[in-house]
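# Secondary and tertiary structure notes
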Amino acid sequence: MKKILCNCLLFCVIIVYIPCYGQERESNGYNPNSIAPIHESQQMFKKTLWFRIDLQEKQNLPFYAYNSELPKLIIESVKSGFLVAYEANDSLNRRMTKERFLEGLKLPVLTSSTEPEDTQNGFGDKNSNESSISNEYLYKDFSIIELKEDLIFDKNRSRMYHDLISITVVLPYKVTGTFEKPLATFKYKDLEKLFREQPSKSLWFNPKNDSEKRNFADAFALRLFSATLIKYSNPKNEFIRDIYTKSPKDAIYAAQDIEYELLEFESNLWEY
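Now for a look at the structure at hand. (Residues numbered from 1 in each chain as written. Predicted model: local features only at pLDDT ≥ 70, side-chain atom pairs only at ≥ 80, totals over all residues. Heavy atoms only, no water.)

Let's shift gears to the overall build of the protein chain. Summing up its helical and strand segments, the protein chain has 9 helices and 7 strands in all. Out of the 272 residues in the protein chain, the part that is buried amounts to 36%. Put simply, 61% of the contacts in the protein chain that link residues at least 6 apart link residues at least 24 apart. As displayed, the protein chain offers around 17,200 Å² of accessible surface, 53% of which is attributable to carbon and sulfur atoms. (Helix = DSSP H or I, 4+ residues; strand = E, 2+ residues; numbered from the N terminus. Buried < 20%, exposed > 50% of the residue type's maximum accessible area, 1.4 Å probe, protein only. Contact = heavy atoms within 4.5 Å. Areas by Shrake-Rupley, 256 points an atom, 1.4 Å probe, with all protein chains shown as cover.)

Pasting the structure below:
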């Protein structure tokens, strides 16, 4: 009887312990999507920022070089099953099916009467290396990416860190003719691994020195890109353009001011 009672008690302890252990793993203070997680107890300051990167800008062309385009690598990796796509939002908890991803690559259905004249005459921009020879957008059509990061001051190491969290691939309005169309969101943690595993396809092209090409992962770590701040964490979850609505210029100036204030804040931390 005692043996049976002991076994019952042990079983109850295990039942109670298992969910507690799972809960501890989920709330252990580290961001599971970070490539270099900093425990929340060591974060003296944190701000989540969203940036817009136009790959057609001169400074960003190294991410967009011929046969080494960042969008091409991402799209081909999803198609081949090497990369997981997520619904275009900030949660990173809703995986996108491959079928839905491929649907987002398809061109709008055009009738012969509405098809662009150049395409009807056989003068479309067709490249045998592109995926969109028939019914998909070109890789280079996806020329906008949105980068989400956490700006964290680690009080243990006394320095600020740019913790890249995710990248969203976007089809610009000048391609759609109406509005911007997000394709999918990707964990930067997954992308960084992809860049390291496929270095020949992840080359940041150095326009001034061919011997100094870098891996995309290194280029992002060194922040070798030009980007515009479009959003920062705020109670209403608004974009900067929604807060400063007088004119597009006001939003641009406000974004610059916010970046300067963050730099000044980091500088002033050393005085305390």
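Still more ground to cover, so stick around.
Here the structure, examined in full by the defined rule, presents 9 salt bridges. Between Arg-196 and Asp-218 there is a salt bridge whose closest N-O contact spans 2.9 Å. Of this pair, Arg-196 sits in helix α6 (residues 188–197) while Asp-218 is found in helix α7 (residues 216–221), placing the two residues 22 residues apart along the sequence. Judged by relative accessible area, which is 41%, Arg-196 ranks as partly exposed. In the salt-bridge network here, residues are joined through shared partners; they are Glu-192, Arg-196 and Asp-218. (Salt bridge = Lys/Arg side-chain N within 4 Å of Asp/Glu carboxyl O.)

Bringing the packing of aromatic side chains into the picture now. Under the definition given, this model contains 9 aromatic pairs. Their ring planes at 25° and their centres at 5.7 Å tell us that Phe-63 and Phe-216 sit as a pair that is stacked. Of this pair, Phe-63 sits in the loop between β1 (43–54) and α2 (70–80) while Phe-216 sits in helix α7; the two residues are 153 residues apart in sequence, bridging distant segments of the chain. Here Phe-63 matches Phe-216 in class, with each residue buried. It is Lys-231 that lies over the ring of Phe-239; its NZ or CZ is 5.0 Å from the centre. Cation over ring: Arg-241 sits above Phe-239, and NZ or CZ is 4.6 Å from the ring centre. (Phe/Tyr/Trp six-rings, centres within 6.5 Å; stacked < 30°, edge-to-face > 60°. Lys NZ or Arg CZ within 6 Å of the ring centre and 35° of its normal.)

On to the environment of Asp-218, then. Of the residues examined, Asp-218 reaches a relative accessible area of 28% and is grouped as partly exposed. In this structure the C-alpha to C-alpha distance between Asp-218 and Trp-204, which are 14 residues apart in sequence, comes to 8.7 Å.

Here we take up helix α3 (residues 98–105). Along α3, the positions that sit buried rather than exposed are Phe-101, Gly-104 and Leu-105. Angularly, the buried residues of α3 cover 105° about the axis, an arc narrow enough to put them on a single face. Its buried side turned inward, α3 meets α2 and β4 (181–187). (Arc of directions from axis to C-beta.)

A separate point is the packing of α2 against α3. Look at α2 against α3: their axes get within 10 Å of each other, and the N-to-C directions meet at 140°. For the element pair α2 and α3, the recorded crossing hand is left-handed. Residue-level inspection shows Ile-75, Val-78 and Lys-79 of α2 in contact with α3, the latter providing Lys-98, Phe-101, Leu-102 and Leu-105. Residue classes in the contact of α2 with α3 are distributed as 5 nonpolar, no polar and 2 charged. (Axes fitted to C-alpha atoms, helices over the stretch in contact; angles between N-to-C directions. Left-handed = near helix turned anticlockwise from the far one by under 90°. Nonpolar A, V, L, I, M, F, W, Y, C, P; charged D, E, K, R; others polar.)

Moving on to unusual backbone geometry. If you check the backbone angles, Asn-67 has positive phi at about 70° while not being a glycine. Residue classification places Asn-67 among the partly exposed positions, given a relative accessible area of 43%. In this structure, Ser-158 is a non-glycine residue whose phi angle is positive, near 55°. In this fold, Ser-158 is placed in the loop between β2 (144–154) and β3 (159–171). Overall, Ser-158 belongs to the partly exposed group, its relative accessible area being 32%.

Here we come to the nonpolar core. In this structure, Phe-101, Phe-186, Leu-191, Phe-195 and Phe-220 are the most contacted members of the largest nonpolar core, which totals 51 residues. Counting residues per element, this core draws most heavily on helix α9 (residues 248–269), which supplies 6 residues. Residues within four places of Leu-191 in sequence aside, it is in contact with Ile-74, Leu-83, Ile-167 and Phe-186. (Core = buried A, V, L, I, M, F, W, Y, C linked by side-chain atoms within 4.5 Å.)

Moving on: the sheet that holds β4. Taken in spatial order, the 5 strands line up as β4-β3-β2-β1-β7 in an open sheet, and their pairing is antiparallel. Each edge of the sheet is formed by a strand with only one pairing partner; in this case those strands are β4 and β7 (228–232). Strand-to-strand twist of the sheet, defined as the mean angle between neighbouring strand axes without regard to direction, takes the value 30°. With 6 bridges joining them, β3 and β4 adopt antiparallel strand pairing. Across the sheet, residue Val-170 finds its bridge partner in β4, namely Pro-182. (Pairing = 2+ DSSP bridges.)

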